[in-house]
Amino acid sequence: MDLNSVPTPCYVVDETLIERNLEVLRGVMRRTGAKILLAQKAFSMYALYPLIGKYLCGATASGLYEARLCAEEMQRALAAEGRRVENHIFSPAYQEKEFEEILRYCDHIVFNSWKQADKFGPRAKAAGKSVGLRINPECSTQEGHAIYDPCAPGSRLGVTCENFEKGLGCGEGRLSMLDGLHFHTLCEQNSDDLERTLDAVEAKFGRYLRGMKWINFGGGHHVTRPGYDIPRLERCIRRCQERYGLTVYLEPGEAVALNAGFLVTTVLETLQNGSDIAILDASAACHMPDVLEMPYRPPLQRSGQPGEKAFTYRLGGPTCLAGDIIGEYSFDTPLREGERLVFEDMAVYSMVKNNTFNGMPLPAIALRKKGGECVVVRQFGYGDFKGRLS
């Protein structure tokens, strides 16, 4: 990739690497008959939606805007080619002012509580939509990342078995309204954690699955990561198909774009304060928020761990936040003003979660096509910053 062909900071997504991930996911679908959807919360680069829609069965949304994006950029593009893709949605709570529009866009609507299902479910059924309920199997498999654990005590996500059964006793016909159950408990995990979760789902909710049409395993499946146990995943899928006659859905977002994107940044300044420091035009707080939330140390090309190579730098962003630190990396030679650095695995989450704190410009978005050409598909400016304010 020609580093000088794009402005900085800039996300660069590699079409060839995206397609490689999609081939893996399509292989799972072909061997099992499962349906895999793009979780847009992780990757919403809609310039690639026509490509993704050719491989996957559609997309899933966390709210109205993502649902509309799928309808406009994936469903419409594929419909022109005679192909239909599904549009699913889940929200912890729907708003009355948005629900009629959601009904226009979405095929599957998943509710987070019996109360929400009672309020909106009859309208969804009357509109011919498939209705589901998110369940909480109370089976935590997270280690060290409580912020991403939907099964933590006091979670607002999903109906526990106790509340599910209480709800059945409070409303006649509630169970018959449901076409399927949805659970989402994983985050960047292997299929052994899915298998353990599925054990808990069957133990607590298995008797309700017979007679339903589908089950949704949610997201967090790192299917395209090297070493992921795909045969175990496929056994979990077949288990639900064979025992209950269900269509199985998966909603990975990260697996679609894992290791398929980069963030190109420029060294603005170097300084010394007890250790060597480099200021970049990319910000952890604005452009790489998982660095601070997880915390996460993104891979950086041609670098090593602190002390591994001759020159170690603490890399920081240009904002006034003292903690706007990307991490410590070592290099073979001293960093120079104007030098470009390339962070890896930047396609997922970073783009959808970036912000303009401190008036920082949003990074440009570029696509590296199969032939190697790098094309800037979107740049942002002052108007994007000002337009979010008043």
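Residues numbered from 1 in each chain as written. Predicted model: local features only at pLDDT ≥ 70, side-chain atom pairs only at ≥ 80, totals over all residues. Heavy atoms only, no water.

**Student:** Please explain the packing of helix α8 (residues 191–209) against helix α9 (residues 230–244) as it appears in this structure.
**Tutor:** Two measures define how a pair of helices packs: the angle their axes make with one another and the distance between the axes. At a minimum axis separation of 10 Å, α8 and α9 run at an interaxial angle of 10°. The orientation of α8 relative to α9 falls into the category roughly parallel. When α8 is examined against α9, the residues S191, D192, L194, E195, L198, D199, E202, G206 and L209 are found in contact with a partner set consisting of R232, L233, C236, R239, C240, R243 and Y244. Counted by class, the contact of α8 with α9 contains 7 nonpolar, 2 polar and 7 charged residues. (Axes fitted to C-alpha atoms, helices over the stretch in contact; angles between N-to-C directions. Helix = DSSP H or I, 4+ residues; strand = E, 2+ residues; numbered from the N terminus. Parallel < 35°, antiparallel > 145°, perpendicular 65-115°, else oblique. Contact = heavy atoms within 4.5 Å. Nonpolar A, V, L, I, M, F, W, Y, C, P; charged D, E, K, R; others polar.)

**Student:** What's the story with the nonpolar core in this structure? I'm lost.
**Tutor:** Generally speaking, a soluble globular protein has its nonpolar side chains buried in company with each other. If you look at the biggest cluster of nonpolar residues, it comprises 117 residues, and the most contacted ones within it are F43, F217 and L315. Among the elements that take part in this core, helix α3 (residues 64–79) stands out by supplying 7 residues, more than any other. Setting aside anything within four residues of it in sequence, one finds F217 in contact with F183, L194, L198, C236, I237, C240, V248, Y249 and L250. (Core = buried A, V, L, I, M, F, W, Y, C linked by side-chain atoms within 4.5 Å. Buried < 20%, exposed > 50% of the residue type's maximum accessible area, 1.4 Å probe, protein only.)

**Student:** Would you mind showing me how to read the pairing of strand β13 (residues 311–316) here?
**Tutor:** Two faces make up the sheet, and in a regular strand the side chains alternate between them. Note that strand β12 (residues 276–280) and β13 share 4 bridges and pair parallel. Opposite D276, over in β13, you have Y313 as the bridge partner. The pairing of β13 with strand β14 (residues 325–331) spans 6 bridges and is classified as antiparallel. Directly across from Y313, in β14, lies its bridge partner Y329. (Pairing = 2+ DSSP bridges.)

**Student:** Explain the pattern of salt bridges to me, please; I cannot follow it from the model alone.
**Tutor:** It is possible for side chains of opposite charge to pair when their charged atoms get near one another. Going through the model one piece at a time under the given rule, you end up with 28 salt bridges. In this structure, R174 and D118 form a salt bridge, with 2.3 Å as the shortest nitrogen-oxygen distance. Here the residue R174 occupies a position in helix α7 (residues 174–177), and D118 occupies one in helix α5 (residues 114–126), the gap between them amounting to 56 residues. The buried category is assigned to R174, whose relative accessible area is 11%. The closest approach of N and O atoms between E234 and R238, which form a salt bridge, is 4.0 Å. (Salt bridge = Lys/Arg side-chain N within 4 Å of Asp/Glu carboxyl O.)

So, to be careful, I would describe these as geometric facts and stop short of saying anything about function.
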